[in-house]
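Listed here are the chains, written in short residue letters.
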Amino acid sequence: MIFNSIRWRLQAWHGLILVAVLAGFGFTAYHAARDNQLRRIDQEELAPRLMIPLFRPGPPGRPPERGPEGPPGERPGEGRRRFDPSEFRERMREAVEKAGALDSSQTNRFYYVLWQRDGTLLAQSSGSPKTVSLPEHTAAPEPQAPPGNDAAGGPMRPRPGPPMPPSGRTRGEYREVFRTLPGGEVLLIGRSISQDLKDMQRLALRLAVAGAGVLLLGLAGGWWLATRAIRPIEDIGATALKIAAGDLSQRINVADTDSELGRLASVLNSTFSRLEAAFAHQARFTSNASHELRTPVSVVLTQTQTALARERSAPEYREALEACQRAAQRMRRLTQSLLALARLDAGQDPMRRESLDLARVTRECVEMVRPLAAEGGIELRCDLPAVLCPGDAERLSQVATNLLSNAIRFNRPGGEVRISTRAENGVAVLTVADTGQGIPAQDLVHIFERFYRVDQSRAGTQGGTGLGLAISKAIVDAHSGAIEVSSQPGAGSTFSVKLPLK
Amino acid sequence: MRVLVVEDEPDLRDSLLKALREDGYAADGAADGEDGLYKAETSEYDAVVLDIMLPRIDGWELLRGLRKTKKTPVLMLTARDAVRDRVRGLDTGADDYLVKPFDLSELLARLRALIRRSASQANSCIEIGNVVIDTVARTVLRQGEPVVLTAREYALVEYLAVHRGKLVTRTMLYDHLFDENDATLSNLLDVHVSNIRKKLGHDFITTRRGHGYCIEPPL
């Protein structure tokens, strides 16, 4: 499914994070702006109006005279009067009414409300909403007026202490600031902030639109980035797909070898190379094996088809059957060798590690091939002092027999084969040297490869399968040993098997 | 028709030669590339069956050497069915190839087709007057009636028919109808021609005294 692709998942995560960041930012920005605006209203519009001298506790009996536009002023020289609370309240009521009337002409309609200390409404300017109520949490103490003093209505006049900091609240469409007057009254000033709220909504809308724009841009950028980041992966995937489809020669194009993906691509490429080499090796082996089988099968086919084409005499049938038998024996040798190699490759039938005398094993093999040597008039010269080493006697005799029969088969008539064992530098060495044609230098490196023949045409006619040396090498390798060859063209070849003494 | 088989596996070569001879061919064998090239160059063969893996000179090299002097049709036997090998064979100048193991009947059919092609003869049946020669069934019909011929007689008729209208010398006939082991008695050809005339009519084969024989195409 497409949405399971890494690009989509990246995009989803990216989108989620982007939305969260934008939402957080927008929320914070909106609230910061809102708080800022409210604070501005509080500090610049509402609070100063609370602090104007109109509401200062002034001398009773004389309402402050004010010009129609001037702010309520302080009257100097009126401070030393006796304080009368009821008169003060009366004055406040008037002040509230006046202040309300004063501001009503302006766009921002302020309203004033004054409560008594016990919460009863003292004064309310016209235009104030009906719903306004005594703010909670205003039970500010009255530090300047001890209870007794006030209750007795004593002559003591409250000193103008440090002004109480006004607090604000938002009530629906209204912003209100209130303070507790020294006399315990609560004075509140407020105004409608519907216009400001509309501005806020507009701001929120603008933030949302901008956020959506940024989100879209971010998603597009993320998509582009994800595509860019994923392109190398897709290249790798496409190449791997081609390789999976059978084209092992494909390689990932590594542009930047230092990046993480470049390193991955390099690793994959080298893996592909090894895979290709292994497959090529396998294909060559299979092709060689089938090639080796084709000739004997051809013999059987043509022999039988010729023989069956018409009635034959008994000797003719015999001849055909003998040819078929030879072909079948060749196929049997080949399949046995292939099976032996396959077992050695798979590491089945592990090598025994019994102590054996390499010289004795070799001597037995020499006796076995002696008739073959006699046939070609080839002399076998042995120098076989006992050499003890751990190994699988049966398998090692297979190696020795193979080397001996090669040395005899590829020798010149009347030649000789020198066979010797010795121990040196912690290894047991078996050497088989012939006096044959020798092996050309370019063939020496391939001599232990499967089906490699110095003369390709000798397949079959010499009775070999082309696997003898490959099997020998596999056996020696399984003994942690080494098999080596050196040759002088025209003078002969020397094969050495080296096995660890311990 | 005379065919050379170059194959190093003795059992395969022998059975091929036997089958070819029984099919009416004069067949020679060569066990290695050197011998094969020598025979192919010095004798007149109508076709060569050539194995690729050969001692001394391999099939490719033999083919290259042969193509310098001769156009003898070559049927290659390969033990690998890799496309590369087949392409290489055809490019080197092989006329056809067959992958081992093959069926004898297919080899014989391909050989017949090769020889027919080299004689620029598309049809496997040759019609001369009232005589029809079927080169696949190796039969001869005269006025619709089958005529019994010996293998050697048939080979002679076929060879002359393939080269109808041309003079065929006695040497050519010896070269193409007898393999190297046949005793080449000088009057053997005359005996065969005489027998054929008895069976197919005296005018079927014209004698060009001192030169050879000829089948005149019907006017």
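Residues numbered from 1 in each chain as written. Chains lettered and ligands numbered in written order. Predicted model: local features only at pLDDT ≥ 70, side-chain atom pairs only at ≥ 80, totals over all residues.

Focus on the sheet that holds strand β10 (residues 168-169) of chain B
Residue and element names in this part refer to chain B. An order of β10-β12-β11 is seen for the three strands of this open sheet, with the pairing classed as antiparallel. The open sheet has two edge strands, β10 and β11 (206-208), and neither has a second partner. Both β10 and strand β12 (residues 212-214) contribute to a ladder of two bridges, which runs antiparallel. From the neighbouring strand, Val-168 faces β12, where its bridge partner is Tyr-213. (Pairing = 2+ DSSP bridges. Helix = DSSP H or I, 4+ residues; strand = E, 2+ residues; numbered from the N terminus.)

Topic: the interface of chain B and chain A
Interfaces are frequently sized by the accessible area removed from exposure as the parts join. Each partner contributes residues to the interface: chain B has 21 residues there, and chain A has 23 residues. Its residues assigned to classes, the side of chain B that touches chain A comprises 11 nonpolar, one polar and nine charged. (Contact = placed C-beta atoms within 7 Å. Nonpolar A, V, L, I, M, F, W, Y, C, P; charged D, E, K, R; others polar.)

Quick look at helix α1 (residues 10-22) of chain B
Because each turn of an α-helix spans 3.6 residues, side chains separated by three or four positions in sequence point in the same direction. Given a rise of 1.5 Å per residue, 13 residues ought to cover 18 Å, and the 18 Å separating the end C-alpha atoms of α1(B) matches this to within 8%. For α1(B), the secondary structure elements touched by its buried residues are α5 (260-308) and α6 (314-346) of chain A together with β1 (2-6), β2 (26-30), β3 (47-51) and α5 (104-118) of chain B. In the segment just after α1(B), Gly24(B) is the residue with positive phi, at about 100 degrees. (Expected span 1.5 Å × (residues − 1).)

Some words on unusual backbone geometry
Omega for the peptide link from Lys100(B) to Pro101(B) comes to -10 degrees, which places this bond in the cis form. With respect to the helices and strands, Pro101(B) occurs in the loop between β5 (96-99) and α5. The phi dihedral of Asn425(A) falls on the positive side, at around 50 degrees, and the residue is not glycine. If you trace the backbone, Asn425(A) turns up in the loop between β9 (416-424) and β10 (427-434). Here Asn425(A) falls in the exposed class, since 7 other C-beta atoms lie within 10 Å of it. Even without being glycine, Ser480(A) reaches a positive phi, approximately 60 degrees. Inspection of the secondary structure assignment puts Ser480(A) in the loop between α10 (468-478) and β11 (482-488). (Buried ≥ 20, exposed ≤ 12 C-beta atoms within 10 Å, placed from the backbone.)

Let's talk about the confidence of the model for chain A
All names here are of chain A. Per-residue confidence for chain A averages 80 on the pLDDT scale, and 83% of its residues sit at or above 70. Counting contacts from residues 58-80, a segment whose pLDDT is below 50, to residues more than four positions away or on other chains yields 27 contacts. In this model, residues 139-160 is a region of pLDDT below 50 whose contacts with residues beyond four sequence positions or in other chains number 20 contacts. (pLDDT = per-residue confidence, 0-100.)

Examining the sheet that holds strand β1 (residues 110-115) of chain A
Residues and elements named next belong to chain A. In space, the five strands of this open sheet follow the order β2-β1-β5-β4-β3, with antiparallel pairing throughout. Whereas interior strands pair on both sides, the edge strands pair on one side only; in this sheet they are β2 (121-124) and β3 (167-171). For this sheet the average axis-to-axis angle between neighbouring strands, irrespective of direction, equals 20 degrees. Examined bridge by bridge, β1 and strand β5 (residues 186-192) share six bridges and lie antiparallel to one another. Each bridged residue has a counterpart across the sheet, and for Trp-115 the counterpart in β5 is Val-186. (Axes fitted to C-alpha atoms, helices over the stretch in contact; angles between N-to-C directions.)

Quick notes on the nonpolar core
Counting residues in each nonpolar core, the largest one holds 70 residues, and the members touching the most others are Val3(B), Val49(B) and Leu50(B). Ranked by residues supplied to this core, first place goes to helix α6 (residues 151-162) of chain B with eight residues. Excluding residues within four positions of it along the chain, Val49(B) makes contact with Val3(B), Val5(B), Val6(B), Leu16(B), Leu75(B) and Leu77(B). The next biggest cluster of nonpolar side chains, apart from the first, holds 37 residues, and it includes Leu467(A), Leu469(A), Ile475(A) and Val497(A). (Core = buried A, V, L, I, M, F, W, Y, C linked by C-beta atoms within 7 Å.)

Thoughts on the packing of helix α4 (residues 194-244) of chain A against α5(A)
Residues and elements named next belong to chain A. Two elements in contact, α4 and α5, have axes whose closest approach is 10 Å; the angle formed by their N-to-C orientations is 10 degrees. One way to sum up the angle between α4 and α5 is to call them roughly parallel. Residues Pro-232, Ile-233, Ile-236 and Ile-243 of α4 pack against Leu-261, Ala-265, Leu-268 and Phe-272 of α5. Residues belonging to the contact of α4 with α5 are distributed by class as follows: eight nonpolar, no polar and no charged. (Parallel < 35°, antiparallel > 145°, perpendicular 65-115°, else oblique.)

Notes on the packing of helix α1 (residues 6-51) of chain A against α4(A)
Residues and elements named next belong to chain A. It is the contact of α1 with α4, at a shortest axis distance of 9 Å, that shows an interaxial angle of 155 degrees. Judged on the interaxial angle alone, α4 and α1 are roughly antiparallel. Between α1 and α4 lies a crossing of right-handed hand. Its residues assigned to classes, the contact of α1 with α4 shows 20 nonpolar, nine polar and three charged. (Left-handed = near helix turned anticlockwise from the far one by under 90°.)

Observations regarding the pairing of β11(A)
Residues and elements named next belong to chain A. Note: β11 against strand β12 (residues 492-500), seven bridges, orientation antiparallel. Its bridge partner lying in β12, Glu-484 is registered against Ser-496. Here β11 hands over to β12 after three residues, with Gly-490 in that stretch at a positive phi of 95 degrees.

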